[in-house]
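For reference, the chains in residue letters:
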Amino acid sequence: MTPDFVRVTDYDLDEPLTLEVVAEATGIRVTFIERLVHLGLLETIGGEPPPEPVLVPRRTVLRLRQIQRLRRDLGVNAAGASIILDLVERMEGMKREVAETRARFGK
Amino acid sequence: MATKTRDYYEVLGVSRTASEDEIKAAYRKLARKYHPDLNPGDRGAEERFKELQSANEVLSDQEKRTKYDKYGENWRYAEQAEAAGVGNAPPPGWQDFRTGGAGAGAQDASGFEFNFSGEDAGNIFEELFGRAGRARRPTRGRDVEATLELSLEDANRGGRQTLQMQATDVCPTCQGTGFVAENQICPTCRGTGQVIAPKTIEVNIPAGVRDGSTLRLAGQGGAGAPGQSAGDLYLRIRLRPHEKFAVRGDDLEVELPITPWEAVLGAIVQVPTIEGSVEMTIPAGAQEGKRLRLRGRGLTKRGGGRGDEYVRLNIVVPPTSSDEERRLYEELRRSSNFDARAASQRKGAAS
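First things first, this report covers the structure right here in the doc.

With that out of the way, let us pick up the sheet that holds strand β9 (residues 246-248) of chain B. Residue and element names in this part refer to chain B. Taken in spatial order, the four strands line up as β9-β10-β14-β13 in an open sheet, and their pairing is mixed. The open sheet terminates on both sides in strands that have one partner only, identified here as β9 and β13 (291-294). The average undirected angle you get between the axes of adjacent strands in this sheet is 30°. In this structure, β9 lies alongside strand β10 (residues 251-258), joined through three bridges in antiparallel fashion. When the bridges of β10 are listed, V247 appears paired with L252.

The structure is reproduced here in structure tokens:
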């Protein structure tokens, strides 16, 4: 079967999106997203405080979904979910370093 | 393919007489352990979590739990099929269409459906057989998140990668409606309007992707409702650890073993880089741990240019020596005034 060739639309998901577009993409109310921005739990574009209209990079969509999954599945609040995700990211970085070291020294 | 689901009570590790609180506590405890966002890239954890979700969805709802206790794993279909008069036997191959499974190769596809409205996420059968009696479906197709594992060389070089995955697509029989006639469930998709089909796509991975980079492929996610756009595919890049190189941002680090005489006298040696070996000069008097820089031999940067490679010298003493070598070392010991311990103390005092 000849595979379809698809183009990478976005790399590292830097594309700026308005909160309304994010709301539509995720099914989450704009007011809730605004609250997360206000709490500093979502990355914005343009410094602090972010200029109007508030823009967020597309990767925020994925982060937002992760936060909501943790809220839904584990009952943690948004701030807690954000901290958990930051810690998981740091842990993954450390695991990679350990794996690299092991690979180099054969241990 | 039909797979027998495990007993939900067994999945949660509770007895069949467990209370609501016991079920909730058991689910929360296991969910914390196996949640995929807390175990990135762990296929086993993801599969286990899907099981937990299915079990909790049923056992935490008294009505569903009663039906499950009565009908077993085909509880959703059996009662409704009897009521609708479409036959008593549950369909073979009934499966959870909430996520796409992994295809062949090193790629995983884990489509998590998120619904902020508070309804059960991915509860397709309840939508079909619930009060409305007709399918309610999200308009746009769901986004899918997957992991793509690459070697450091492939990530640096970029180029075409073939991905094999199981993806949801519009049912070709009912065109996504779930029904082939009034109240007649589509036999192909069992009423979901979607089928899971193997899909192979080729992607041109940009040069210079890093561990943790995420690529978006628009329209390659789950199929949307009829007339609606498909969701997107988000590919998270994972780099396999390299046996030689450590990645430090845009730079690479490699350890180079050298002999004591190469360190003392200097030498021209072959050094590995990500594109093959190059010659490098070790200056005379090189110390253990010294880092030498090879400009532009690091990783490709996204905006152009390259990082550097750092070569860390590791002086290795021969484990055994010939008689002649021992004689020469003895002569060196007699003729040299160098005191390593004193030098180290002076260095420590200076810093």
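Still more to cover.
All names here are of chain B. One pass over the full model with this rule turns up two aromatic pairs over all chains. Geometrically, the ring pair formed by Y8 and Y68 is stacked, given 4.6 Å between the ring centres and 20° between the ring planes. With Y8 in helix α1 (residues 8-12) and Y68 in helix α4 (residues 62-71), this pair connects stretches of sequence that are 60 residues apart. Using a relative accessible area of 6% as the deciding quantity, one classes Y8 as buried. Overall, Y68 belongs to the buried group, its relative accessible area being 5%. Considering the side-chain rings of Y9 and Y68, the 6.3 Å spacing of their centres and the 45° angle between planes classify their relative orientation as tilted. Taken as a pair, Y9 in helix α1 and Y68 in helix α4 lie far apart in primary sequence, 59 residues in all.

The next point concerns the pairing of β10(B). Residue and element names in this part refer to chain B. Taken together, β9 and the strand that follows it, β10, pair antiparallel across an intervening segment of two residues, in which G249 is found at a positive phi of about 70°. Two strands pair when backbone bridges link them, and β10 and strand β14 (residues 309-315) are joined in this way by seven bridges, in the parallel orientation. Note on β14: the bridge partner recorded for P257 is N314.

Facing 43 residues of chain A, the contacting portion of chain B comprises 51 residues. Taking both sides of the interface into account, the surface hidden between chain A and chain B amounts to around 4300 Å²; carbon and sulfur atoms contribute 55%. Between the two partners, chain A and chain B, sit seven salt bridges. Across the pair B:E145 and A:R69 runs a salt bridge whose closest N-O atoms are separated by 3.5 Å. Summed over the shared surface of chain A and chain B, the result is nine residue pairs in polar contact (both at pLDDT 80 or more). Residue assignment for the side of chain A that touches chain B shows that the elements contributing at least two residues are β1 (4-6), β2 (10-11), α1 (19-26), α3 (59-74) and α4 (78-105) of chain A.

Calculation notes
- Residues numbered from 1 in each chain as written.
- Chains lettered and ligands numbered in written order.
- Predicted model: local features only at pLDDT ≥ 70, side-chain atom pairs only at ≥ 80, totals over all residues.
- Heavy atoms only, no water.
- Pairing = 2+ DSSP bridges.
- Helix = DSSP H or I, 4+ residues; strand = E, 2+ residues; numbered from the N terminus.
- Axes fitted to C-alpha atoms, helices over the stretch in contact; angles between N-to-C directions.
- Phe/Tyr/Trp six-rings, centres within 6.5 Å; stacked < 30°, edge-to-face > 60°.
- Buried < 20%, exposed > 50% of the residue type's maximum accessible area, 1.4 Å probe, protein only.
- Contact = heavy atoms within 4.5 Å.
- Buried area = accessible area lost by both parts, 1.4 Å probe.
- Salt bridge = Lys/Arg side-chain N within 4 Å of Asp/Glu carboxyl O.
- Polar contact = N/O pair within 3.5 Å; in protein donor to acceptor, adjacent residues only side chain to side chain.

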